Amino acid sequence: MNDLEFRTTVLDPLSDSFCAAKWYNATIWLGSGMTTSCHHPPAHLVDKDKVGANPRLLHNTDQKKDDRRKMLTGERPAGCEYCWKIEDMGRDAISDRVYKSKIYPIHALKEAYETPVEQDVNLRTLEIAFDRTCQFACSYCNPAFSSTWVRDIRNNGAYKGLVSDGRNHFTHDHAAAQLYKFGERNPYVDAFFAWWESDLHRTLQELRITGGEPLMSGYTWKLIDWFKENQGKSTTRLAINSNLGTDVDVDRLLSSIDGMAIDLYTSNEAVGVQAEYIRDGLVWQDWVDNVERLLASKKFRGIHVMCTINALCLDTLDQLLECIMEWKSKHGRDAISFTLNILRFPSFQSPLVLPNTTRMIYRQRLITWLEHYHNSIFLHEHELNHVQRLVDYLDVVKTPHSEAFEMPKLLNDFKQFYTQYDTRRSKNFVKTFPALTDWYNTL
Ligand code: SF4
């Protein structure tokens with residue numbers, strides 16, 4: 001069934017705004033006690049005083065129940081604006097409401113529809129972050145997701161002179177992202193493990209652990225140990241995000257996952273010193289070695305490279321893709337894959353801040369890459385589509401998102417940010433990105 005048929009024959013008869021993600025999917029940040037359904041609606045706080053007695057509250061909040069009530073009658077919850085905007089483009093426009101519902105069996109959608117709204121439901125797909133411990137402080141990340149970023153802000157103060165919408169990422173330590181200190185009991189983490197034992201290990205199709213750097217969190221290892229000690233008890237697919245940096249204990253990972261079907265997601269979008277500049281903490285060769293060790297082990301369902309497409313990665317993105325193609329030709333099409341996720345925030349790091357001529361040079365490199373590989377048996381359809389989508393984006397889209405229309409502010413922040421980033425992190429923009437130096441010096 002194609003996407004449009006699914007919408008018109010399965011979703012729409014339930015209601016014009018029904019989305020199964022509101023029932024079966026969640027992203028939950030246990031460090032801050034925040035939850036959302038898919039990643040589009042703004043996150044909201046779980047009641048810490050009630051979650052101990054009922055761990056299902058990590059997902060079944062009053063707000064989500066209210067949204068479900070609206071969806072049952074065709075009313076549109078405001079937080080799902082991302083989907084309504086797409087659907088309002090025309091009858092055939094396919095929003096994430098379709099993609100995020102289609103992953104569940106049709107009988108599960110009907111069950112959700114018939115469940116009284118006041119009743120709690122069990123999750124089927126979950127992305128969870130235990131804490132923000134991370135040894136990296138990537139340029140496009142911020143203290144909400146990295147303890148190393150927290151140290152930068154606490155030691156050196158706020159980044160100064162930023163005026164665009166991204167400024168607040170870098171002006172404070174985001175204390176609300178980590179409500180409990182290391183070693184302190186966190187009621188949200190306790191609730192997660194209680195729910196895991198009672199229901200989630202049976203109901204979840206997929207559990208994805210994100211961070212921070214999840215392999216630096218004791219809770220991730222606790223969960224991996226659970227799988228080891230309870231072999232055959234759960235069919236949940238485990239997926240782990242890891243930066244695969246120098247300090248990540250790859251030996252421990254490889255020796256802990258026998259008999260488990262794990263997907264590993266890692267981030268990178270450039271090569272060599274440019275990758276190290278963008279992802280502060282990364283040692284390029286160590287990352288390459290770690291990826292190659294995981295591939296050679298054949299212990300993973302797949303390794304997935306997530307590329308966050310920002311202004312600085314385009315100079316060597318094609319080289320990274322080349323590297324992934326080499327790994328594919330050695331280990332097989334499905335052993336390693338990539339996605340290109342276009343950065344929207346902070347807007348001043350978007351590829352759209354680059355001068356037109358430079359952007360077109362980078363665009364042409366991707367076109368050349370596509371021409372070379374478009375018939376390759378090693379590429380997935382989504383990989384081809386992601387490269388094509390970026391080629392189109394670099395040509396057509398003029399602002400990173402609808403509110404970011406003030407280019408002078410974005411250019412101001414680009415220069416302000418990287419000047420301070422160089423000093424704080426002992427880096428050198430001009431030496432690292434010679435192709436951008438003339439333009440950078442005019443900012
Ligand atoms: S309707 Fe769209 S925004 Fe809302 S939960 Fe579903 S996929 Fe997410």
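Relevant structure appears above.
## Points about the pattern of salt bridges
For step 1, the next point in the chain: In the structure shown here, the tally under the stated rule is 30 salt bridges.
For step 2, the next point in the chain: Salt-bridge contacts for Arg-97 lead to Glu-87; the nearest nitrogen and oxygen are separated by 2.7 Å. Of this pair, Arg-97 sits in helix 5 (residues 96-102) while Glu-87 sits in helix 4 (residues 81-87); the two residues are ten residues apart in sequence, bridging distant segments of the chain. Neither Arg-97 nor Glu-87 differs from the other in exposure class; each is buried.
For step 3, the next point in the chain: Between Arg-237 and Glu-206 there is a salt bridge, and its shortest N-O distance comes to 3.5 Å. In this pair, Arg-237 sits in strand 6 (residues 237-241) while Glu-206 sits in strand 5 (residues 206-210), placing the two residues 31 residues apart along the sequence.
For step 4, the next point in the chain: Assessed through its relative accessible area of 30%, Arg-237 is described here as partly exposed.
For step 5, the next point in the chain: Salt bridges here are not isolated pairs; linked through shared partners, they connect Asp-152, Asp-280, Arg-424, Arg-425 and Lys-427.

## Things to note about the site of the ligand
For step 1, the next point in the chain: Near the ligand the following residues occur: Cys-19, Ser-37, Cys-38, His-40, Pro-41, Met-71, Cys-80, Cys-83, Asp-96, Arg-97 and Lys-100.
For step 2, the next point in the chain: More than half of the atoms of the ligand fall within 2 Å of the grid points belonging to the largest cavity.
For step 3, the next point in the chain: A per-element tally of the shell around the ligand places helix 5 first, with three residues.
For step 4, the next point in the chain: Looking at the shell around the ligand, its residues break down into six nonpolar, two polar and three charged.

## What about empty space enclosed by the protein?
For step 1, the next point in the chain: Here the structure, examined in full by the defined rule, presents two cavities of 30 Å³ or more.
For step 2, the next point in the chain: Within this model, the largest cavity holds a volume of roughly 100 Å³.
For step 3, the next point in the chain: As for the largest cavity, its lining consists of 15 residues, and the residues nearest its centre are Cys-19, Cys-38, Cys-80, Cys-83 and Arg-97.
For step 4, the next point in the chain: Broken down by class, the residue content of the lining of the largest cavity amounts to nine nonpolar, two polar and four charged.
For step 5, the next point in the chain: In this model, the second largest cavity occupies a volume close to 30 Å³.
For step 6, the next point in the chain: Lining the second largest cavity we find Lys-22, Thr-36, Ser-37, Pro-41, Pro-42, His-44, Gln-63, Lys-64 and Asp-67.
For step 7, the next point in the chain: Considering each element in turn, the lining of the second largest cavity owes the most residues, three residues, to helix 3 (residues 62-72).
For step 8, the next point in the chain: The residue inventory of the lining of the second largest cavity, partitioned by class, reads two nonpolar, four polar and three charged.

## Some remarks on unusual backbone geometry
For step 1, the next point in the chain: A cis amide bond links Gly-211 with the next residue in sequence, Gly-212, at an omega value of 10 degrees.
For step 2, the next point in the chain: Tracing the chain through its elements places Gly-212 in the loop between strand 5 and helix 9 (218-229).
For step 3, the next point in the chain: For His-174, which is not glycine, the phi torsion reads 50 degrees and is therefore positive.
For step 4, the next point in the chain: Summarising the element assignment, His-174 is placed in the loop between helix 7 (147-156) and helix 8 (187-203).
For step 5, the next point in the chain: The exposure class of His-174 is buried, given its relative accessible area of 16%.
For step 6, the next point in the chain: Residue Ser-426 is not a glycine yet carries a positive backbone phi of 55 degrees.
For step 7, the next point in the chain: The exposure class of Ser-426 is exposed, given its relative accessible area of 69%.

## Overview of the packing of aromatic side chains
Aromatic rings considered in pairs are described by the distance between their centres and by the relative angle of their planes.
For step 1, the next point in the chain: Applying the stated rule across the entire model yields 39 aromatic pairs.
For step 2, the next point in the chain: On the basis of an interplanar angle of 65 degrees and a centroid distance of 6.2 Å, the ring pair of Phe-18 and Tyr-113 is categorised as edge-to-face. A residue pair is termed long-range when its members are at least 10 positions apart, and Phe-18 in the loop between helix 1 (3-14) and helix 2 (21-24) and Tyr-113 in helix 6 (residues 106-114) qualify at 95 residues.
For step 3, the next point in the chain: Of note, Lys-222 hangs over the ring of Phe-193, and the distance from its end group to the ring centre comes to 4.1 Å.
For step 4, the next point in the chain: A cation over a ring is seen here: Arg-252 above Trp-221, with NZ or CZ 4.0 Å from the ring centre.

## Some thoughts on the packing of helix 14 (residues 356-373) against helix 15 (residues 381-396)
For step 1, the next point in the chain: For the pair helix 14 and helix 15, interaxial distance at closest approach is 9 Å and the crossing angle is 155 degrees. Between helix 14 and helix 15, the angle is such that the two are roughly antiparallel. Crossing angle aside, the handedness with which helix 14 passes helix 15 is left-handed. Contacts from Arg-359, Met-360, Arg-363, Leu-366, Ile-367, Trp-369 and Leu-370 in helix 14 reach Leu-384, Val-387, Gln-388, Leu-390, Val-391, Leu-394 and Asp-395 in helix 15.
For step 2, the next point in the chain: Residue composition of the contact of helix 14 with helix 15, by class: ten nonpolar, one polar and three charged.

## What about the sheet that holds strand 1 (residues 25-29)?
By way of backbone hydrogen bonds, the strands of a sheet pair with one another, either parallel or antiparallel.
For step 1, the next point in the chain: Pairing is mixed across the open sheet formed by nine strands, whose spatial order is 3-2-1-4-5-6-7-8-9. Strands at the two margins of the open sheet, each flanked by one partner only, are strand 3 (44-45) and strand 9 (336-342).
For step 2, the next point in the chain: Direction of pairing for strand 2 (residues 34-36) relative to strand 3: antiparallel, over a ladder of two bridges. Note on strand 3: the bridge partner recorded for Met-34 is Leu-45.
For step 3, the next point in the chain: Strands strand 3, strand 4 (125-129) and strand 5 of the sheet are contacted by helix 8, whose axis makes an angle of about 155 degrees with strand 4.
For step 4, the next point in the chain: On the sheet, helix 12 (residues 284-297) packs against strand 7 (262-267), strand 8 (300-309) and strand 9 and is oriented at approximately 155 degrees with respect to strand 8.

Thresholds, definitions, all that
- Residues numbered from 1 in each chain as written.
- Predicted model: local features only at pLDDT ≥ 70, side-chain atom pairs only at ≥ 80, totals over all residues.
- Heavy atoms only, no water.
- Salt bridge = Lys/Arg side-chain N within 4 Å of Asp/Glu carboxyl O.
- Helix = DSSP H or I, 4+ residues; strand = E, 2+ residues; numbered from the N terminus.
- Buried < 20%, exposed > 50% of the residue type's maximum accessible area, 1.4 Å probe, protein only.
- Near = heavy atom within 4 Å.
- 1 Å grid on protein atoms, 1.4 Å probe; cavity = no way out; pocket = protein on both sides within 12 Å on 5 of 7 lines; lining within 4 Å.
- Sits in = over half its atoms within 2 Å of the grid points.
- Nonpolar A, V, L, I, M, F, W, Y, C, P; charged D, E, K, R; others polar.
- Points joined across faces, edges and corners; volume = space filled by probe spheres on them.
- Phe/Tyr/Trp six-rings, centres within 6.5 Å; stacked < 30°, edge-to-face > 60°.
- Lys NZ or Arg CZ within 6 Å of the ring centre and 35° of its normal.
- Axes fitted to C-alpha atoms, helices over the stretch in contact; angles between N-to-C directions.
- Parallel < 35°, antiparallel > 145°, perpendicular 65-115°, else oblique.
- Left-handed = near helix turned anticlockwise from the far one by under 90°.
- Contact = heavy atoms within 4.5 Å.
- Pairing = 2+ DSSP bridges.

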